[in-house]
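Chain by chain, the residues run as shown.
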Number of protein chains: 2
Amino acid sequence: MPKTPESTIIKDGTIITQDANRRIFRGDVLIIGNKIEAVGESISEPAEHKIDAKGDFVLPGLINIHTHAPMSILRGYGDDMTLETWLNNRIWPAEAKFNSEIIRAGTDLALLEMIASGTTAFNDMYFFEDEIAEQTEKAGLRGFLAEAIIDLGSAEKAKEKLAKCESFVKKWKGNELIEPVISPHGAYTCTPETLVKSAELSEKYRLLLHTHCSETRSEVYDVQKRFGARPVEHLEKCGIIGPKTTLAHCGWITKAEVKTISKAGATLAHCPVSNMKLATGGYAPLPEMFDAGGNVGLGTDGAASNNTLDMFETMKFCALLFKHHRWDPTILPAQKVLDLATIGGAKAMRRPDLGSIEPGKTADIIIVDGKRPNLVPAYHPVSNLVYAAKGADVKTTICNGKILMENREFKTLNFEKVLEKARKTAEIFAKIS
Amino acid sequence: MPKTPESTIIKDGTIITQDANRRIFRGDVLIIGNKIEAVGESISEPAEHKIDAKGDFVLPGLINIHTHAPMSILRGYGDDMTLETWLNNRIWPAEAKFNSEIIRAGTDLALLEMIASGTTAFNDMYFFEDEIAEQTEKAGLRGFLAEAIIDLGSAEKAKEKLAKCESFVKKWKGNELIEPVISPHGAYTCTPETLVKSAELSEKYRLLLHTHCSETRSEVYDVQKRFGARPVEHLEKCGIIGPKTTLAHCGWITKAEVKTISKAGATLAHCPVSNMKLATGGYAPLPEMFDAGGNVGLGTDGAASNNTLDMFETMKFCALLFKHHRWDPTILPAQKVLDLATIGGAKAMRRPDLGSIEPGKTADIIIVDGKRPNLVPAYHPVSNLVYAAKGADVKTTICNGKILMENREFKTLNFEKVLEKARKTAEIFAKIS
């Protein structure tokens, strides 16, 4: 990895601060080490490295609060199928073949795409998470990572998975870029005992919780039938729902459940693209979450069901989905959607040092190319970012003060090698079907 | 404009032919003049110019069958507003200031974005259409262009607009790239007499018809109240609905109207992004159109309500919107959606020489970069193109045998100048609000 400059100055960009006043102005950002030292109209202090951002947009790195990085290796492997066929004939047989090497290839591909498209932090749940953590640290991205706990009713499996999770936690706790997370897979895939033990692990190590919740109707009915409570209530009883919790999807929750989530201070991770593509029929009730004062962030879900990790695309889908459903173009304005992808995500990860560009905050910053046909004119920069920008418009990605991509050139990952390795690895799966 | 090579060979790409068998294979495409001379696994004939497409996807240029090009100058000028506020406070006051210079600036911006994002033909309806045609011809793109006819009940206005339309037709008929179209704006903005006269013009000059239809509920109620018939029936009575007609939106049509449109051989132009963003609540009943054997194409609508002209984005929104609404991931597969954007559009424009890569067809071809993090692996090229590609992944755009962009370098438009002119022009509007 190349030596990181001690200090970097971003000059003359349009800075979308995402601070409390949502200030937007033309100016400079000075980074020293991994921190934002100064933000202002004209900073004269010298810096080791200078980035000219004239005509470009400078904003906080986007935070993807629900994904499964290695699944990028299965991008497009099974589309236009019912969920059951997709899982039975494609995803599960493919995942059964997963090993360390495949995981590394898929994770690198995901990391490359996230860096390329302006995501600087992601909340991941999968297996082989040690490998994911190693690749993430090497790439220099910020990972909130969890070795998923899933037991499908087996006490033996639960024991094994809980132990694996705890050993992952012990290995990575205290790492600057990798924050371990406790992830019971879901109310329908874990026994109540496993959920309770997961909550205890979170308590013991003071770690975030991350689980799937009410993604499909059948999940809701299934949980209700088995445990006599809808998923939110059931998860709450098992101690899973609190201020450290992120609940992915919530496409089929009631207003009462919105209240429970909001009151507990938990975060809803909305994944509009994946929900629409898998045709779950559901979509999280964001306006109701806002009314209840709840926190919301955005996720792409894995690339197998999206089929990208492009958070810009997810922002546009999110905004348009609600305008369309509620017949109200004002219901989810661009600024609110950008908030979800930045400060909403930071709040979910309980990291007030992330999500905005302000002195003293951690330097997770991206620069979007203003010289693109789709980003001119720019009456309202935030409107352009949410409705017209794509991940491909990102020029430069900085995480923890380190430049991971500059002018579309990758600094920590070998672009050609990652793509070639992914292509070769994918050949294993192409033969399954 | 640089001299076009007499012949071009595209070597070693993955060719998505979109022919009757939807063949996909690795090979070459030979272009001579404005025609596709040969398509095969290995073409040894020499060509003046060679394009290496190894690892890339070669497909027919996308056809956008409903847009208003100059409105790109109003991209992001009014978002997150009710339709009424948007029109009254933003669009109409801005359009009132439009002149030739503004139209040229907006059109060039739109042309640049279309070339950059792989659109090779577009069906446009606006005013100052002479200027739009001139800029389109200069840029080398294929335009189906109409000087819109709108009377708002005034016979005098109708006379003026019909005359303007006819003079536009006379000026451009027979042009190789520009095909004039007759566009009465809609059933709610034209008197029945004007609609009848528009149909007569279409008949007289054997030209396509293009109109708005059932975009909003209020339009449907309004037309029903004034003319005693829903828009489709009313347009039919006025002679507007036939095999040469494209009906934009149709977000609020009934099954009976689906049958009328399909039986007449007219085309429905589905614009999912604009419909969702403007929160019209409606979306065209595509599965029902397919069942009825009707033709469907895709449109972006103007960039003021989209906010891009990215047909790749429109394909993804189209596919996901139906999966989501119908709770069925199989309802609109990737191949079908790509068909809408290629051969569906070609059929709408009654141009069987467009929309696929086959010997003898006109050379409107694009090349999508296969070396992008979001396009690897590529189990199914069509799945990647619809669910994972963005306009920004297009490398090379060829229209009528001419290379308009190669390796992201524009050949007919001056990238910097077009953006600078658009930025300067936009300052006029920034002051209105």
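Residues numbered from 1 in each chain as written. Chains lettered and ligands numbered in written order. Predicted model: local features only at pLDDT ≥ 70, side-chain atom pairs only at ≥ 80, totals over all residues. Heavy atoms only, no water.

**Student:** Just checking my understanding: could you explain the overall build of chain A for this structure?
**Tutor:** In terms of helices and strands, chain A carries 14 helices and 17 strands. Scaling as 2.2 N^0.38, a compact globule of 433 residues should have a C-alpha radius of gyration of about 22 Å, and chain A matches this with 21 Å. With respect to the principal axes defined by its C-alpha atoms, chain A has extents near 65 × 45 × 45 Å. For chain A, the proportion of its 433 residues judged to be buried stands at 66%. Intrachain contacts of chain A at a sequence separation of at least 6 include 73% that bridge at least 24 residues. About 14,600 Å² of surface is accessible on chain A, with carbon and sulfur atoms providing 50% of the total. Of note, chain A has its 54 positive side-chain charges centred 1 Å away from the centre of its 56 negative side-chain charges. (Helix = DSSP H or I, 4+ residues; strand = E, 2+ residues; numbered from the N terminus. Rg over C-alpha atoms; globule rule 2.2 N^0.38 Å. Buried < 20%, exposed > 50% of the residue type's maximum accessible area, 1.4 Å probe, protein only. Contact = heavy atoms within 4.5 Å. Areas by Shrake-Rupley, 256 points an atom, 1.4 Å probe, with all protein chains shown as cover. Lys, Arg positive; Asp, Glu negative; His and termini not counted. Charge placed at Lys NZ, Arg CZ, Asp CG, Glu CD.)

**Student:** Explain the pattern of salt bridges to me, please; I cannot follow it from the model alone.
**Tutor:** A pair can form between side chains of opposite charge whenever their charged atoms are brought close. Residues and elements named next belong to chain A. For the structure on display, the rule yields 58 salt bridges over all chains. One salt bridge in this structure joins Asp369 and Arg408, with 3.3 Å as the shortest N-O distance. Note that Asp369 is positioned in the loop between β14 (365–368) and α13 (381–387) and Arg408 in the loop between β16 (402–406) and β17 (409–410), a separation of 39 residues in sequence. A residue is classified by how much of its surface remains accessible, and Asp369, at 8% relative accessible area, is buried. One network of salt bridges, with partners in common, ties together Arg104, Asp130, Glu134 and Lys171. (Salt bridge = Lys/Arg side-chain N within 4 Å of Asp/Glu carboxyl O.)

**Student:** Would you mind showing me how to read the relation of the copies chain A and chain B here?
**Tutor:** What connects the two chain copies is a rotation about an axis and a shift along it. Turning chain A through 180 degrees and shifting it by 0.0 Å along the axis lays it on chain B, with an RMSD of 0.0 Å. Between the two chains, the operation in question is that of a two-fold axis. By C-alpha distance to the rotation axis, the residue of chain A lying nearest is Ala392 of chain A, at 3.1 Å. Of all interface residues in chain A, 100% are interface residues in chain B too; the two copies therefore contact each other through one and the same surface. (Least-squares fit on C-alpha atoms with pLDDT ≥ 70 in both.)

**Student:** Would you mind showing me how to read the side chain of Thr412 of chain A here?
**Tutor:** All names here are of chain A. Within the secondary structure, Thr412 is located in the loop between β17 and α14 (415–430). Taking the relative accessible area as the measure of exposure, Thr412 reaches 18% and is therefore buried. In terms of polar contacts, Thr412 uses its side chain to reach the backbone carbonyl oxygen of Ala139, at 2.8 Å. (Polar contact = N/O pair within 3.5 Å; in protein donor to acceptor, adjacent residues only side chain to side chain.)

**Student:** Help me understand the packing of aromatic side chains in this model?
**Tutor:** Summed over the entire model, instances satisfying the criterion amount to 23 aromatic pairs over all chains. The interplanar angle of 40 degrees and the centroid separation of 6.4 Å between the aromatic rings of Phe168 of chain A and Trp172 of chain A together place this pair among those described as tilted. Placement of both Phe168 of chain A and Trp172 of chain A in helix α4 (residues 155–172) is noted, with a separation of four residues, approximately one turn of the helix. For Trp172 of chain A, a relative accessible area of 5% translates into the label buried. A ring pair is formed by Trp327 of chain A and Trp252 of chain B, whose centres lie 5.3 Å apart and whose planes are at 90 degrees; its orientation type is edge-to-face. Taken together, the residues span two chains, with Trp327 of chain A in the loop between α11 (311–326) and α12 (334–348) and Trp252 of chain B in the loop between β11 (245–249) and α8 (255–264). The class for Trp327 of chain A is partly exposed, based on a relative accessible area of 39%. Here a set of aromatic residues connected by ring pairs shows up, and it is made of Tyr77, Phe98, Tyr126, Phe127, Phe128 and Phe429 of chain A together with Tyr379 of chain B. Across the ring face of Tyr387 of chain B, the terminal group of Lys277 of chain A is positioned such that the distance to the ring centre comes to 4.8 Å. Positioned over the ring face of Phe290 of chain A is Lys336 of chain A, at 4.1 Å from the centre of the ring. (Phe/Tyr/Trp six-rings, centres within 6.5 Å; stacked < 30°, edge-to-face > 60°. Lys NZ or Arg CZ within 6 Å of the ring centre and 35° of its normal.)

**Student:** Looking at this model, I keep getting lost on the interface of chain A and chain B. Mind explaining?
**Tutor:** In many analyses, interface size is given as the accessible surface area lost on bringing the parts together. Each partner contributes to the interface: chain A provides 68 residues, whereas chain B provides 68 residues. Roughly 5,500 Å² of surface becomes buried between chain A and chain B when both sides are summed, with 66% attributable to carbon and sulfur atoms. Of all residues in chain A, the largest losses of buried area upon contact with chain B belong to Asp80, His324 and Tyr379 of chain A, amounting jointly to 14% of the total for that side. Applying the counting rule to chain A against chain B returns six salt bridges. With a closest N to O distance of 2.6 Å, Asp80 of chain A and Lys323 of chain B form a salt bridge. Connecting chain A to chain B are 24 residue pairs in polar contact (both at pLDDT 80 or more). Looking at the side of chain A that touches chain B, the elements that each hand over two or more residues are α1 (83–96), α2 (100–116), α9 (272–277), α11, α13 and α14 of chain A. (Buried area = accessible area lost by both parts, 1.4 Å probe.)

**Student:** Please clarify how the sheet that holds β11 of chain B should be interpreted in this entry.
**Tutor:** Neighbouring strands of a sheet are bound in pairs by backbone hydrogen bonds; such pairs are parallel or else antiparallel. Residue and element names in this part refer to chain B. The parallel open sheet is built from four strands, whose spatial order is β10-β11-β12-β13. Edge positions in the sheet fall to β10 (209–213) and β13 (295–298), since each of these pairs with one other strand and no more. The average angle at which neighbouring strand axes cross in this sheet is 30 degrees, direction not considered. Summarising the sheet, strand β12 (residues 267–270) and β13 pair through four bridges and their orientation is parallel. Residue pairing in the sheet places Thr267 in a bridge with Asn295 of β13. (Pairing = 2+ DSSP bridges. Axes fitted to C-alpha atoms, helices over the stretch in contact; angles between N-to-C directions.)

**Student:** So what exactly am I meant to see when it comes to the packing of helix α3 (residues 129–139) of chain B against helix α4 (residues 155–172) of chain B here?
**Tutor:** Each pair of packed helices gets described by two things: the angle between the helix axes and the distance between those axes. Residue and element names in this part refer to chain B. For the pair α3 and α4, the least separation of the axes is 10 Å and the interaxial angle reads 25 degrees. Classified by the interaxial angle, the pair formed by α3 and α4 is roughly parallel. Remark: the crossing between α3 and α4 carries right-handed chirality. Seen from α3, the contacting residues are Glu129, Asp130, Ala133, Glu134 and Glu137; seen from α4, they are Phe168, Lys171 and Trp172. (Parallel < 35°, antiparallel > 145°, perpendicular 65-115°, else oblique. Left-handed = near helix turned anticlockwise from the far one by under 90°.)

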